Amino acid sequence: MIILTSAKQMIEFARNECKLDKTIGFVPTMGFLHEGHLSLVKRSLSECDTTVMSIFVNPLQFGPNEDFDKYPRDLERDTILARQSGVDVLFIPEAKEIYPSSLSISMKAKQRTDVMCGASRPGHFDGVITVLTILFHLVQPDRAYFGQKDAQQAAVVQGLADSLMFPLEIVPVETVREEDGLAKSSRNVYLTDDERNEASILYQALMKGKIQLPALGIEGTVKEMTEMINSSSSGQIDYIEILQFPDLTPVEKLRGKIIIALAVQFEKARLIDNVIFTLEEE
Ligand code: PAF
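Residues numbered from 1 in each chain as written. Predicted model: local features only at pLDDT ≥ 70, side-chain atom pairs only at ≥ 80, totals over all residues. Heavy atoms only, no water.

A. Structural context of the overall build of the protein. Secondary structure summary: the protein contains 9 helices and 9 strands in total. Against the compact-globule benchmark of 19 Å for 282 residues, the protein has a radius of gyration of 19 Å, which places it among compact chains. Projecting the C-alpha coordinates of the protein onto the three principal axes gives extents of approximately 55 × 40 × 40 Å. With 282 residues in all, the protein has 52% of them scored as buried. Look at the contacts in the protein between residues 6 or more apart in sequence, and 71% of them connect residues 24 or more apart. Total accessible area computed for the protein in this model is approximately 14,200 Å², and 50% of it derives from carbon and sulfur atoms. Positive and negative side-chain charges in the protein, numbering 29 and 41 respectively, have mean positions lying 3 Å apart. (Helix = DSSP H or I, 4+ residues; strand = E, 2+ residues; numbered from the N terminus. Rg over C-alpha atoms; globule rule 2.2 N^0.38 Å. Buried < 20%, exposed > 50% of the residue type's maximum accessible area, 1.4 Å probe, protein only. Contact = heavy atoms within 4.5 Å. Areas by Shrake-Rupley, 256 points an atom, 1.4 Å probe, with all protein chains shown as cover. Lys, Arg positive; Asp, Glu negative; His and termini not counted. Charge placed at Lys NZ, Arg CZ, Asp CG, Glu CD.)

Here it is as structure tokens:
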């Protein structure tokens, strides 16, 4: 595995791969790798000649009161995991490589961001699309891989790629879960033992919501899920939303592709999860 740290090295590497007619698969991460990230690597390895993973905790996507400083980091462990999983190039830039000077433009994601995490974390997706625009320019991928746990992120990034005509394919990859259904996340390490036990209710509530939606409708389903989570966990529900996917617009008729998404704040960890499914016309 090659480790690159500068923007210049990354561009040179990508140009060379292009000359050799090799396809590049890109797995952008903020590190503290878990099986979810490694499933993205696996998919990239199966579809591309070269797999590049980046590890960069992007300050621009954290709000002033969010966990940028406390975001879990372990570069040594990440390097071992990346190597073992078959990553060809690990790109670990410092902030000055990604943002060498103050940005003279700002990017704003205008669609798919006024709901779910976009509503609770103002500016978050603007930071995500900014860093990904920079990373896409440096890595020049043919495909970029995103976990469906962050379904809103994948939908917004698809909008970025479409609007700015990035010549690449955005590939959403299914969420990897613990045995009890909890979605794998770097932030799970911040759950206390009790919270960790309670957290399986999130996926159970999503599955119940999916089954009950046709009978209970949106309001009834959200109410039922809220009661379920509140009665079995100390976490505070930030949102439970049921929307059309991938446009994240209100559901007018219960048909087509639907997402039920939630965010729950535990003492030190804010967890998100979702289920996406299709309802056939009655
Ligand atoms: O999902 C993440 O880890 C981050 O939002 C990403 C895509 C690496 C951008 O910083």
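B. Examining the site of the ligand more closely. Within the structure, the ligand sits among P28, T29, M30, N58, Q61, V131, F146 and Q153. Side-chain polar atom of Q61 to an oxygen atom of the ligand: 2.6 Å apart, as the coordinates give it. When the ligand is considered free in solution it has 290 Å² of accessible area, and contact with the protein chains removes 89% of it. In terms of residue class, the shell around the ligand is built from 4 nonpolar, 4 polar and no charged. (Near = heavy atom within 4 Å. Polar contact = N/O pair within 3.5 Å; in protein donor to acceptor, adjacent residues only side chain to side chain. Nonpolar A, V, L, I, M, F, W, Y, C, P; charged D, E, K, R; others polar.)

C. Main features of the packing of aromatic side chains. Applying the stated criterion across every chain, the model contains 5 aromatic pairs. The interplanar angle of 75° and the centroid separation of 5.8 Å between the aromatic rings of F62 and Y71 together place this pair among those described as edge-to-face. Aromatic ring contacts, followed pair by pair, group F26, F136 and F166 into a single cluster. The ring of F32 has R77 sitting right over it, with the charged end atom 5.4 Å from the ring centre. (Phe/Tyr/Trp six-rings, centres within 6.5 Å; stacked < 30°, edge-to-face > 60°. Lys NZ or Arg CZ within 6 Å of the ring centre and 35° of its normal.)

D. Seen up close, helix 7 (residues 151–163). The first and last C-alpha atoms of helix 7 sit 18 Å apart over 13 residues, in line with the 18 Å expected at 1.5 Å per residue. Taken as a whole, helix 7 has its buried residues at A151, Q152, Q153, A154, A155, V156, V157, L160 and A161. In this structure, the buried residues of helix 7 make contact with helix 5 (116–120), helix 6 (124–139), strand 5 (143–147), strand 6 (169–173), strand 8 (256–265) and strand 9 (270–279). (Expected span 1.5 Å × (residues − 1).)

E. Expanded view of the pattern of salt bridges. Using the criterion set out here, one finds 17 salt bridges in the structure. Notably, a salt bridge pairs K96 with E94, separated by 3.7 Å at the nearest N-O pair. What makes E94 exposed here is its relative accessible area of 52%. Put simply, D238 and R270 hold a salt bridge, and the shortest N to O gap is 2.8 Å. Here R270 lies in strand 9 and D238 lies in strand 7 (residues 236–244), a separation of 32 residues in the sequence. You can call D238 partly exposed: its relative accessible area is 34%. Assessed through its relative accessible area of 19%, R270 is described here as buried. Taken together, the shared-partner salt bridges connect E35, E178 and K184 into one network. (Salt bridge = Lys/Arg side-chain N within 4 Å of Asp/Glu carboxyl O.)

F. Structural detail: the sheet that holds strand 7. With respect to topology, 3 strands assemble into an open sheet ordered 7-8-9, the strand pairing being antiparallel. Among the strands making up the open sheet, the edge pair consists of strand 7 and strand 9. Direction aside, neighbouring strands of the sheet carry axes that sit 10° apart on average. (Pairing = 2+ DSSP bridges. Axes fitted to C-alpha atoms, helices over the stretch in contact; angles between N-to-C directions.)

G. The arrangement of the side chain of S39 in detail. Secondary-structure assignment places S39 in helix 2 (residues 35–47). At a separation of 2.7 Å, a polar atom in the side chain of S39 contacts the main-chain carbonyl oxygen of G36. Contacts of S39, omitting those with residues within four sequence positions, involve V173, E174 and V176.

H. Molecular detail of the environment of F91. Following the sequence through the fold, F91 ends up in strand 4 (residues 89–91). Of the residues examined, F91 reaches a relative accessible area of 0% and is grouped as buried. Spatially, the C-alpha atoms of F91 and I129 are 18 Å apart, while their sequence positions differ by 38 residues. When residues no more than four places from it in sequence are discounted, the contact partners of F91 are L4, T5, S6, A7, M10, V52, M53, S54, I55, I98, L135 and L138.

I. Just unusual backbone geometry, in detail. Look at the link from F245 to P246: it is a cis peptide, with omega at 10°. Mapped onto the elements, P246 comes out in the loop between strand 7 and strand 8. Of note, L248 is a non-glycine position whose phi angle comes to about 55°, a positive value. Here L248 is to be found in the loop between strand 7 and strand 8. A relative accessible area of 4% means that L248 is categorised as buried.

J. Spatial organisation of the environment of D238. Once the C-alpha coordinates of D238 and E227 are considered, the two residues, 11 residues apart in sequence, prove to be 14 Å apart. When residues no more than four places from it in sequence are discounted, the contact partners of D238 are S120, A263, V264 and R270. A polar atom in the side chain of D238 sits 3.1 Å from the side chain of S120.

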